[in-house]
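Below, each chain spelled out in residue letters.
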Amino acid sequence: MEAVAIEWDAISAIGRASTAPFAEVYVRLTKLEHIQLVMEARSWKSLHQRAVGRLQQLQDSSRRFVAQLGEQAEQREAAWHATLALAQEASRQREAALLAELDQAQAKVRDLQQRLFGRKSERSKGASELRPQAGLKPASRGQRCGAPGHGRKMLAHLPERIETVGLDSPQCPACGQALAEFPGTEDSEVLEIEVKAYRRLIRRRRYRPSCQCGCMPGIVSAPAPCRLIERGKFGISVWAGVLLDKYLYGRPSHRLLQDLGHHGLDMSPGTLTGALHTIAPMFAPVVDAMLAKLRSEQHWHADETRWAVFVPVDGKRGYRWYLWVYHSASVVHYVLDASRSAQVIDDELGEVAYGIISCDRYSAYKKFARLHPTFLLAFCWAHQRRDFLELANAHPQLLAWAMTWVDAIAQIYRRNDLRLAQPVGSPQYAEHDIALRRALQDMAEERAAALSQATLAEPALKVLASMDRHWAGLLVFVDHPAVPMDNNIAERAHRTPVVGRKNFYGSGSLWSGQLAAAMYTLLMTVKLHKINPRTWLLAYLQACCDAGNRTPSDIRAFLPWAMTASELAVMRACPKASGPAVEGVDSS
């Protein structure tokens, strides 16, 4: 009954808190059933609390997960934006690089087109000429209409071959009466060239002694004339023509042999090669004397160009060698070397105490100047001007800007010419010298101002930066008026070898390459002194022949600076014609 009362009290408490329909219904339970119900209630409450706690945990975990997802989404979005920004920046940079590469490629195309199809001269219109002026018509070049010409030149120094021409039937066409000769002739003149091969048939007279002394053999004959090549059948005129034809006029040897064959003189290539190999050592002492003269002077123009020597060399790839030229006031000296290094310059001028080298901006000259501080490098203004011309051609948008600098350089040339036209030390010279220095100072200030501009195009910046680095060498001519502003003298000295290189590609052996350098040295040096190369070469080869196929013991007669005025006059004249006299040849 106690259990029932307790249960009733519990049910009553529940009933008081509830208004359910079964609140007034009484149930009788045993103690065991009550315990079971209480335990089950507690169990369900515990399960409910755990379910509520787990739900709370799940909700907290869900909120954290959602928060993490949000953070990750924000991070991914930020990373995506950063990646996109980097990709856009990389794309912009790549686009800029491609545009720059395209600009360079187009510049190279324009440069190659100019070299291949354009004018070879660097003469170009300046900025002032690019702006057309009203009312002014550019003057035409060449002979102007109505202007008097120089007239026909009659070469009176050439030998004459007189041809007398008469009428076939000197009679009157009406009556047939013979015409009487009238004193004098109607003369006209036609210039002709006759090149022919001939045989020198040398007949040596023989003598028999008529005395009884017995000191002479039975028959005596005149000595045989000397030959340039022992037992050779070709004379000096042939070898002089071969050397001039190849090294002065740039004709390949096989074409020369064809030409000789057309004149009836057949020569095999082996004979030509062997003869040149024999003749080559005869020129060495003269070349050495010219090198000594070159080293005795104090100003040189230097340049180098490629020259092929088709001989394998250990440690060297290909057949590209270099032909160097050193041009002084008295000598033009050529050097063939496999290298393009400063060692070549050192071998040429290293023994000289001091001097000035007019050159381009090649690094070998700069290294030589660093190793020999007593030497000055006078950099070439023509190369500096060429930089602006190439810039204008490669980048048309910079044409006007570049031509302004070309005009400024032209003004420097003009002011220096005005200075050099006056005697050194005169007031006029001092006036032009001050104007020249002021113009150069203005150019330096303008260059510095342009380099400080942030908007300056990269190609223009490179040209001005190069000009700034070489400015000291560009100013050497100011304090040394005898030094030209450019290195055109050396570049002109390379014209003859370059023509030969284009026609016969180079040299097939080392000795032939050295012979080419020696012949260019000899021929260009005698031309420098206005000596006729053919006259000089014929005289020198005859002297070698007279000396027994060797260099003559005294070569001073063949050094232009050692010649007297009368000797120079003889060497500057055309060689006298040799060979049999031919008469009655129809020159028409």
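All figures in this text were calculated on a predicted structure; none of them were measured in a lab.

Undergrad: Help me out: how do you make sense of the overall build of the protein in this one?
TA: Scanning the protein for helices and strands turns up 20 helices and eight strands. A burial count over the protein gives 31% of its 588 residues as buried. Here the analysis covers contacts within the protein between residues at least 6 apart in sequence; of these, 65% occur between residues at least 24 apart. Taken as a whole, the protein presents about 39400 Å² of accessible surface, with 55% of it coming from carbon and sulfur.

Undergrad: Teacher, can you tell me more about the pairing of strand S5 (residues 332–337) here?
TA: For a regular strand, the rule is simple: side chains alternate between the two faces of the sheet. Counted residue by residue, S5 has five buried out of six residues, so it is predominantly covered. Relative to S5, strand S4 (residues 320–327) runs antiparallel, the two being bridged by six bridges. Within S5, the residue paired with Tyr 322 across the bridge is Asp 337.

Undergrad: Quick question: what am I supposed to make of unusual backbone geometry here?
TA: Trans peptide bonds make up most of the peptide bonds, and negative phi angles are found at most residues other than glycine. With a phi close to 70 degrees, Tyr 505 is a non-glycine residue in the positive phi region. Examined against the element boundaries, Tyr 505 turns out to sit in the loop between helix H17 (495–504) and strand S8 (506–507). Given a relative accessible area of 59%, Tyr 505 falls into the exposed group.

Undergrad: Could you clarify how one ought to interpret the packing of aromatic side chains in this entry?
TA: Geometrically, a pair of aromatic rings is defined through the distance of the ring centres and the angle of the planes. Counted under the stated rule, the structure contains 20 aromatic pairs. Between Phe 388 and Trp 401, the aromatic rings sit 6.2 Å apart at their centres with planes inclined by 55 degrees, giving tilted as the arrangement. Of the two residues, Phe 388 sits in helix H10 (residues 381–394) while Trp 401 sits in helix H11 (residues 399–420), which places them 13 residues apart along the sequence. These aromatic residues form a ring-pair network of at least three members: Tyr 247, Trp 307, Tyr 334, Phe 504 and Tyr 520. Lys 246 extends its terminal NZ or CZ atom over the ring of Tyr 247, reaching a point 5.9 Å from the ring centre. The cationic tip of Lys 246 hangs over the ring face of Phe 504; the distance from NZ or CZ to the ring centre is 3.9 Å.

Undergrad: Is there a simple way to think about H11 in this case?
TA: Every α-helix winds through 3.6 residues per turn, so residues three or four apart in the chain are directed the same way. Between the first and last C-alpha of H11 there are 32 Å, a value that for 22 residues agrees with the 32 Å anticipated at 1.5 Å per step. Taken residue by residue, H11 has Ala 402, Met 403, Trp 405, Val 406, Ile 409, Ile 412, Asn 416 and Arg 419 as its buried positions.

Undergrad: Whenever I open this one, the packing of helix H12 (residues 427–451) against helix H13 (residues 458–469) confuses me. Can you help?
TA: To describe two helices that pack against each other, one gives the angle between their axes and the distance between the axes. Across the interface, H12 lies against H13 with an axial gap of 10 Å and an inter-helix angle of 135 degrees. One finds that H12 runs oblique with respect to H13. Seen along the crossing, H12 lies across H13 with a hand that is left-handed. Across from Met 443, Arg 447, Ala 450 and Leu 451 in H12, the residues of H13 making contact are Leu 461, Leu 464, Ala 465, Met 467 and Asp 468. Class assignment of the residues belonging to the contact of H12 with H13 gives a composition of seven nonpolar, no polar and two charged.

Undergrad: Would you take a moment to explain the confidence of the model for the protein for this structure?
TA: Detailed reading of predicted coordinates is not advised where the pLDDT is low. A residue-level look at the protein finds 90% of positions with pLDDT of 70 or above and a mean pLDDT of 87. Confidence over residues 579–588 falls short of pLDDT 50; this stretch has 10 contacts with residues more than four positions distant or in other chains.

Undergrad: Please clarify how the side chain of Thr 521 should be interpreted in this entry.
TA: Mapped onto the elements, Thr 521 comes out in helix H18 (residues 510–528). A distance of 2.9 Å separates a polar side-chain atom of Thr 521 from the backbone nitrogen of Tyr 334. Within polar-contact distance, the side chain of Thr 521 engages the backbone oxygen of Ala 517 at 2.8 Å.

Criteria and cut-off values
Residues numbered from 1 in each chain as written. Predicted model: local features only at pLDDT ≥ 70, side-chain atom pairs only at ≥ 80, totals over all residues. Heavy atoms only, no water. Helix = DSSP H or I, 4+ residues; strand = E, 2+ residues; numbered from the N terminus. Buried < 20%, exposed > 50% of the residue type's maximum accessible area, 1.4 Å probe, protein only. Contact = heavy atoms within 4.5 Å. Areas by Shrake-Rupley, 256 points an atom, 1.4 Å probe, with all protein chains shown as cover. Pairing = 2+ DSSP bridges. Phe/Tyr/Trp six-rings, centres within 6.5 Å; stacked < 30°, edge-to-face > 60°. Lys NZ or Arg CZ within 6 Å of the ring centre and 35° of its normal. Expected span 1.5 Å × (residues − 1). Axes fitted to C-alpha atoms, helices over the stretch in contact; angles between N-to-C directions. Parallel < 35°, antiparallel > 145°, perpendicular 65-115°, else oblique. Left-handed = near helix turned anticlockwise from the far one by under 90°. Nonpolar A, V, L, I, M, F, W, Y, C, P; charged D, E, K, R; others polar. pLDDT = per-residue confidence, 0-100. Polar contact = N/O pair within 3.5 Å; in protein donor to acceptor, adjacent residues only side chain to side chain.

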